[in-house]
Amino acid sequence: MPDIDRDGGWLLTLDGTPQSYVDLADPTHLEFEYTRRLGHLADALAPAGRPLDALHLGGGALTLPRYLAATRPGSRQRVVEVDGALLDLVAEHLPWQGPGADVTTAVGDARAALADVPAGSQDLVVADVFRGSRTPAHLTSVEFLREAAAVLRAGGCYAANLADGPPLAFARAQAASVLAVFPYVCLVAEASVLRGRRYGNVLLAGSTAPLPEAELARLFAGDIFPARLVTGDDLAALVGRTAPVTDADATDSPPPPDGAFSVG
């Protein structure tokens, strides 16, 4: 659907759930709070303008790949999306190729696609996969995270967009899982989500190198959708005794409450 309040803006919905927002005239415009947080993370990972090799698990309307192509021209990006008809729709109505864009797409399962990615070849792996409004179980386990970590270069970053609500059991388990694979981890969410007052997006990032915490905290706090960066002892306290998720006990993320992401 076109955004009547912004020329060039388009909203993609699937089964009534807002999935992506893109601005064809300005790919650096990030509308949704979770895409803004992913954009801040990508901005902080390397000096401005430096190209990144990035793997996107889950495509939607390719909002983040467009952003990276605009802010880091020359970045080599691969997008894996299970819904081939969706990719065709986006390619026809919201084309992404343009100056500085080196974006290839493939239809397939996000986890299975990791087997075709050379080890140590990526600077950034982004998992933003939802089946309906839930993250599939096979993309929530330690085994999956180890497979994703294997394709990262030394110091590369894994990032996942998730969603959870009170009592944040899923988010805690996902944080425990990322901590089991990466030595440096951060969690980002709105304060009201962290306090268990509402359902919302949670960003998790992990790396083998220290993350730029001070810069990230500044970017997240100063955004039009302010969020808190949780790391170190605070993250350990949030996780508590929650065990990492394995393939044997993985489940889909919890469904959102009625109306959480609907559009009129």
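Described below are features of the structure shown in this document. Note that the structure is predicted; figures quoted are calculated from it, not measured. (Residues numbered from 1 in each chain as written. Predicted model: local features only at pLDDT ≥ 70, side-chain atom pairs only at ≥ 80, totals over all residues. Heavy atoms only, no water.)

### Some words on the overall build of the protein chain
A count of helices and strands for the protein chain gives nine helices and ten strands. At 17 Å, the protein chain has a C-alpha radius of gyration in line with the 18 Å of a compact globule built from 264 residues. Overall size of the protein chain, expressed as C-alpha extent along the three principal axes, is 50 × 40 × 35 Å. Residue burial in the protein chain is summarised as follows: out of 264 residues, 51% are buried. Across the protein chain, contacts joining residues at least 24 apart in sequence account for 72% of those joining residues at least 6 apart. As displayed, the protein chain has an accessible area near 11,700 Å², and 54% of this comes from carbon and sulfur atoms. Across the protein chain, the mean location of the 20 positive side-chain charges is 7 Å away from that of the 32 negative side-chain charges. (Helix = DSSP H or I, 4+ residues; strand = E, 2+ residues; numbered from the N terminus. Rg over C-alpha atoms; globule rule 2.2 N^0.38 Å. Buried < 20%, exposed > 50% of the residue type's maximum accessible area, 1.4 Å probe, protein only. Contact = heavy atoms within 4.5 Å. Areas by Shrake-Rupley, 256 points an atom, 1.4 Å probe, with all protein chains shown as cover. Lys, Arg positive; Asp, Glu negative; His and termini not counted. Charge placed at Lys NZ, Arg CZ, Asp CG, Glu CD.)

### Focus: the sheet that holds strand β6 (residues 122-127)
On the basis of which strands lie adjacent, the open sheet formed by eight strands has the order β5-β4-β3-β6-β7-β9-β8-β10 and mixed pairing. Only two strands of the sheet have a single partner each, and these edge strands are β5 (102-107) and β10 (228-231). Strand-to-strand, the axes of this sheet are offset by a mean angle of 15°, without reference to chain direction. Pairing of strand β8 (residues 184-189) with strand β9 (residues 200-207) involves five bridges; the strand directions are antiparallel. When the bridges of β9 are listed, tyrosine 184 appears paired with serine 207. (Pairing = 2+ DSSP bridges. Axes fitted to C-alpha atoms, helices over the stretch in contact; angles between N-to-C directions.)

### Thoughts on the nonpolar core
Membership of the largest hydrophobic core comes to 37 residues, with the highest contact counts inside it found for Leu55, Leu57, Tyr158, Leu187 and Leu235. Tallying contributions element by element places helix α6 (residues 169-181) first for this core, with five residues. Not counting residues within four places of it along the chain, the set of residues in contact with leucine 57 comprises Val80, Ala110, Leu114, Val125, Val126, Ala127, Asp128, Val129 and Phe144. Ala42, Leu64, Val188 and Leu216 belong to the second-largest nonpolar core, a separate cluster that totals 29 residues. (Core = buried A, V, L, I, M, F, W, Y, C linked by side-chain atoms within 4.5 Å.)

### As for the side chain of glutamine 122
As for its position among the elements, glutamine 122 is in strand β6. In this structure, glutamine 122 is in contact with Asp53, Ala54, Leu55, Val117, Val151, Leu152 and Arg153, ignoring residues within four places of it in sequence.

### Notes on unusual backbone geometry
Omega for the bond connecting proline 166 with proline 167 falls within 30 degrees of zero, at 5°, which places this linkage in the cis form. By the secondary structure assignment, proline 167 is in the loop between β7 (152-164) and α6. With a phi close to 65°, leucine 62 is a non-glycine residue in the positive phi region. You will see that leucine 168, though not glycine, has its phi angle at about 65°, which is positive. Inspection of the secondary structure puts leucine 168 in the loop between β7 and α6. The class of leucine 168 is buried, set by a relative accessible area of 3%.

### Side note on the pattern of salt bridges
On inspection of all chains with the given rule, the structure shows twelve salt bridges. The closest approach of N and O atoms between arginine 37 and glutamate 33, which form a salt bridge, is 3.5 Å. Taken as a pair, arginine 37 and glutamate 33 lie in helix α1 (residues 33-44) at a separation of four residues, close to a single helical turn. Glutamate 190 is the salt-bridge partner of arginine 198, the closest N and O atoms lying 2.5 Å from each other. Looking at arginine 198, the relative accessible area reads 29%, which means it is partly exposed. Residue glutamate 190 is classed as partly exposed on the basis of its relative accessible area, which comes to 23%. (Salt bridge = Lys/Arg side-chain N within 4 Å of Asp/Glu carboxyl O.)

### What about the pairing of strand β2 (residues 17-23)?
Across six bridges, the pairing between strand β1 (residues 9-14) and β2 is antiparallel. Across the sheet, residue tryptophan 10 finds its bridge partner in β2, namely valine 22. Between β1 and β2, which pair antiparallel one after the other, the connecting turn spans two residues, and aspartate 15 there sits at a positive phi close to 55°.

### Section: the packing of aromatic side chains
For the structure on display, the rule yields four aromatic pairs. Here phenylalanine 144 and tyrosine 158 contribute two aromatic rings whose centre-to-centre distance is 6.3 Å and whose plane-to-plane angle is 75°, an arrangement assigned as edge-to-face. Of the two residues, phenylalanine 144 is situated in helix α5 (residues 142-150) and tyrosine 158 in strand β7; the sequence distance between them amounts to 14 residues. When its relative accessible area of 1% is taken as the criterion, phenylalanine 144 is described as buried. Its relative accessible area of 3% is what places tyrosine 158 among the buried residues. Taken together, the ring pairs in this structure connect Tyr21, Phe32 and Tyr34 into an aromatic cluster. (Phe/Tyr/Trp six-rings, centres within 6.5 Å; stacked < 30°, edge-to-face > 60°.)

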